[in-house]
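# Tertiary structure, described
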Amino acid sequence: MSRTGETARSTDTARGGPRRTVPTLEEVAARAGVGRGTASRVINGSPRVSARTRAAVEQAVADLGYIPNRAARALAAGSADAVALVLPEPGAGLPADPYFADLVRGVGSGLADSGLQLQLTLLRGPEEGRRCADQLAARRVDGVLLVSLHDDDPLPGLIAELGVPAVLTGRRPVGLPLTCVDSDETGGARAALGHLLARGRGTVAVIAGPPGTDAARRFLDGCRQALGSAPDAALVESAALTESGGRRAMRALLDRRPGLDAVLAASDAAAAGALQVLRARGSRVPADVAVAGFDDSAVARHTDPPLTTVRHPTEAVGRTMAAVLLSRIQDPAAPAGPRIVLPTELIVRESS
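Quick summary incoming for the structure in this document. All of these numbers come straight from a predicted model, not from anything done at the bench.

### Focus on the packing of aromatic side chains
Overall, the coordinates contain one aromatic pair when judged by the stated rule. Centroid distance Phe219 to Phe294: 5.8 Å. Interplanar angle 75°. Geometry classified as edge-to-face. Linking Phe219 in helix 9 (residues 214–227) with Phe294 in the loop between strand 11 (290–292) and helix 12 (298–302), this pair joins segments that are 75 residues apart in sequence. A residue is classified by how much of its surface remains accessible, and Phe219, at 1% relative accessible area, is buried.

Structure representation (structure tokens):
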């Protein structure tokens, strides 16, 4: 039985009164003589239906007493009327990260007209992971958005097993029916590092994200494609993509390769941290060392000098994830669609 009322369900009244049946969307469609998708479009106000079809569906809704309002159906059919945005990354600085702030803004925009509440879940350790799993098993949310998963994260498998509608960023785990939405991280890294090489830089260091994530892997793939071979291991440092992470990574890279003449960081925040260390060590940017970031967040426009960066369509990714999830909630039995990849864009500023 689906949680969105696809099959008829009987419910008790609050005081143990007579049982009543909640009409389903299939019953509305059958009575109106149309398909389920057509009935759904009418109920959701889509203009892509004829006046005759709209009238038939509206009459069926009235005859059956179907409740199209999501909040009312939540009470009648037991749905949670909520979506969880799960960020399985440790670190207290995560909510302030420009990338995640933009992503949450995009998701919120995508859900704005749905009536669904957005629950933000930060998984900083095993205990929070267990609580999240309990929430999913108890069906306290109607769908899940998963962001920045590690390769060994058990959540996708659990979600698939429970049949909870879900959308994630990054690569779809093998064998799991989950839809993925992301930006072209590989193409963006390739363009940024290619730009630094085209400016005559010969020793380009890379600050990548935490290992074991699809985003870090795709970023390094783009770097490899621009170089034509794997980057020199001494010129690659994995770090938290924050200012403090960028500072630590930049110090480590300079200690190993003091003659480096360019840095590409996988976030603007990390690039800003790298700029601070370069300035403290007397390097001029870009005369001595060129610097590029990733995201085109507000950070990139307010560093000194302003950062060359890759525009990451983060809000659009969030909106698209929300739209796909709403579709999955409406029709959980539909097969997962292909991976959706949104384009990135190189933005050249004074730092390179």
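### Description of the sheet that holds strand 5 (residues 143–146)
With respect to topology, six strands assemble into an open sheet ordered 4-3-5-6-7-13, the strand pairing being parallel. Since the sheet does not close on itself, it has two edges, and those belong to strand 4 (117–122) and strand 13 (340–342), each with one partner. Sheet twist, expressed as the mean angle between neighbouring strand axes with direction ignored, is 20°. Note: strand 5 against strand 6 (residues 166–168), three bridges, orientation parallel. Bridging across to strand 6, Val144 finds its partner in Ala166.

### Quick word on the sheet that holds strand 8 (residues 204–208)
Across the sheet, four strands lie side by side as 9-8-10-11; this open sheet has parallel pairing. Each having just a single partner strand, strand 9 (236–238) and strand 11 make up the two edges of the open sheet. With strand direction ignored, the average angle separating the axes of adjacent strands in the sheet is 15°. Inspection of the sheet shows strand 8 paired to strand 10 (residues 262–265) by four bridges, in the parallel sense. Bridge pairing in strand 10 links Val206 to Leu264. Packing against the sheet, helix 11 (residues 268–280) makes contact with strand 8, strand 10 and strand 11, and its axis sits at approximately 160° to strand 11.

Parameters at a glance
- Residues numbered from 1 in each chain as written.
- Predicted model: local features only at pLDDT ≥ 70, side-chain atom pairs only at ≥ 80, totals over all residues.
- Heavy atoms only, no water.
- Phe/Tyr/Trp six-rings, centres within 6.5 Å; stacked < 30°, edge-to-face > 60°.
- Helix = DSSP H or I, 4+ residues; strand = E, 2+ residues; numbered from the N terminus.
- Buried < 20%, exposed > 50% of the residue type's maximum accessible area, 1.4 Å probe, protein only.
- Pairing = 2+ DSSP bridges.
- Axes fitted to C-alpha atoms, helices over the stretch in contact; angles between N-to-C directions.
- Contact = heavy atoms within 4.5 Å.

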